[in-house]
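Coordinate analysis (summary)
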Amino acid sequence: DAGITQSPRHKVTETGTPVTLRCHQTENHRYMYWYRQDPGHGLRLIHYSYGVKDTDKGEVSDGYSVSRSKTEDFLLTLESATSSQTSVYFCAISHEITSGGEAFFGQGTRLTVV
Amino acid sequence: SQQGEEDPQALSIQEGENATMNCSYKTSINNLQWYRQNSGRGLVHLILIRSNEREKHSGRLRVTLDTSKKSSSLLITASRAADTASYFCATPSGGGADGLTFGKGTHLIIQP
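Because the structure is predicted, anything quoted here is derived from the model rather than measured. (Residues numbered from 1 in each chain as written. Chains lettered and ligands numbered in written order. Predicted model: local features only at pLDDT ≥ 70, side-chain atom pairs only at ≥ 80, totals over all residues. Heavy atoms only, no water.)

Topic: the overall build of chain A
Across its full length, chain A holds zero helices and 11 strands. In sequence order, the secondary structure elements of chain A are arranged as β-β-β-β-β-β-β-β-β-β-β. Over its C-alpha atoms chain A spans a radius of gyration of 13 Å, differing by no more than 12% from the 13 Å that the globule rule assigns to 114 residues. Taken over the C-alpha atoms alone, chain A extends approximately 40 × 30 × 25 Å along its principal axes. Across the 114 residues that make up chain A, the buried fraction comes to 48%. By sequence separation, contacts in chain A at least 24 residues apart represent 55% of the contacts at least 6 residues apart. (Helix = DSSP H or I, 4+ residues; strand = E, 2+ residues; numbered from the N terminus. Rg over C-alpha atoms; globule rule 2.2 N^0.38 Å. Buried < 20%, exposed > 50% of the residue type's maximum accessible area, 1.4 Å probe, protein only. Contact = heavy atoms within 4.5 Å.)

Printed below as a string of structure tokens:
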């Protein structure tokens, strides 16, 4: 899996609680991404990072924040979890996509908000 | 918003047959990628085709790209049970955002 580790792999949390998902890479890729995957929607980009402390919003960023203090770690935080955030979350890494970089994905984190 | 849309949404064929999946996209691109996802796993990159290419091969995979029609197809020849998976096309998100925009996928089932 190209040296990408997501943790935790499964989590159940209560509505209103903060949740942090971690993505760790050992490949020294510049770009890191968080996607969510839901039935009927495919994968949608939440946030991405193009370097340490450099992040930007994706298509579905409301209710999520990210941080990247080191090249190898990209954290996704649900500030106050809601049931609509129940999903499978994937981290990915790549070189520059527009230059033909391919994305490598982690195994996913299944998050259930009850 | 979805950039790529795969067709069909689901496909069931017999082992040994060829499987063809199609993808349409909306805006100009410089490359298009195909990914496979096995149940419960992350996505795996299969093949990338650049906008100046019309066809590309990798093993049993053949990808075509028609930029005038904004469409691509993925052909898997001599299918095997292990090819059972969901297949996604993806294009650069553009608009100042990096990353890939994925279609909703084609779920392929290979019957033994």
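Description of the packing of aromatic side chains
One pass over the structure, following the stated rule, counts 11 aromatic pairs over all chains. Centroid distance Tyr33(A) to Tyr35(A): 6.2 Å. Interplanar angle 40°. Geometry classified as tilted. Judged by relative accessible area, which is 1%, Tyr33(A) ranks as buried. Taken together, the ring pairs in this structure connect Tyr33(A), Tyr35(A), Tyr48(A), Tyr50(A), Phe90(A), Phe105(A), Tyr35(B), Phe88(B) and Phe102(B) into an aromatic cluster. (Phe/Tyr/Trp six-rings, centres within 6.5 Å; stacked < 30°, edge-to-face > 60°.)

A few points about the sheet that holds strand 6 (residues 55-58) of chain B
All names here are of chain B. With antiparallel pairing, five strands are arranged side by side in an open sheet as 1-3-8-7-6. Two strands bound the open sheet, and with one partner strand each, they are strand 1 (5-7) and strand 6. For this sheet, the mean inter-axis angle between neighbouring strands, taken without regard to orientation, is 20°. (Pairing = 2+ DSSP bridges. Axes fitted to C-alpha atoms, helices over the stretch in contact; angles between N-to-C directions.)

Details of the nonpolar core
Most often, soluble globular proteins keep nonpolar side chains buried together rather than apart. Counting residues in hydrophobic clusters, the biggest one holds 21 residues, and the most contacted among them are Leu32(B), Trp34(B), Leu74(B), Ile76(B), Tyr87(B) and Leu108(B). Looking at this core, the elements that each hand over two or more residues are strand 3 (19-24), strand 4 (31-37), strand 5 (43-50), strand 7 (61-66), strand 8 (71-76), strand 9 (85-94) and strand 11 (106-111) of chain B. The contact partners of Leu108(B), leaving out residues within four places of it in the chain, are Leu11(B), Ile13(B), Ala19(B), Met21(B), Ile76(B), Asp83(B), Thr84(B), Ala85(B) and Tyr87(B). Of all hydrophobic cores here, the second largest spans 19 residues; its members include Leu21(A), Cys23(A), Ile46(A) and Leu76(A). (Core = buried A, V, L, I, M, F, W, Y, C linked by side-chain atoms within 4.5 Å.)

Considering the state of the cysteines
Working definition: the covalent bond between the sulfur atoms of two cysteines is a disulfide. Counting across every chain of the model gives two disulfides over all chains. Each sulfur in the disulfide pair Cys23(A) and Cys91(A) lies 1.9 Å from the other. Between Cys23(A) and Cys91(A), the S-S torsion sits near -70°, and that sign places the bridge as left-handed. Of the two residues, Cys23(A) sits in strand 3 (residues 19-25) while Cys91(A) sits in strand 9 (residues 87-94), which places them 68 residues apart along the sequence. As far as burial versus exposure is concerned, Cys23(A) and Cys91(A) are alike and both buried. Residue Cys23(B) pairs covalently with Cys89(B) via a disulfide, S to S 2.0 Å. On the S-S bond that ties Cys23(B) to Cys89(B), the torsion sits near 70°, and the link is right-handed. Of this pair, Cys23(B) sits in strand 3 while Cys89(B) sits in strand 9, and the two are 66 residues apart along the sequence. There is no split in this pair, since Cys23(B) and Cys89(B) are both buried. (Disulfide = S-S within 2.5 Å.)

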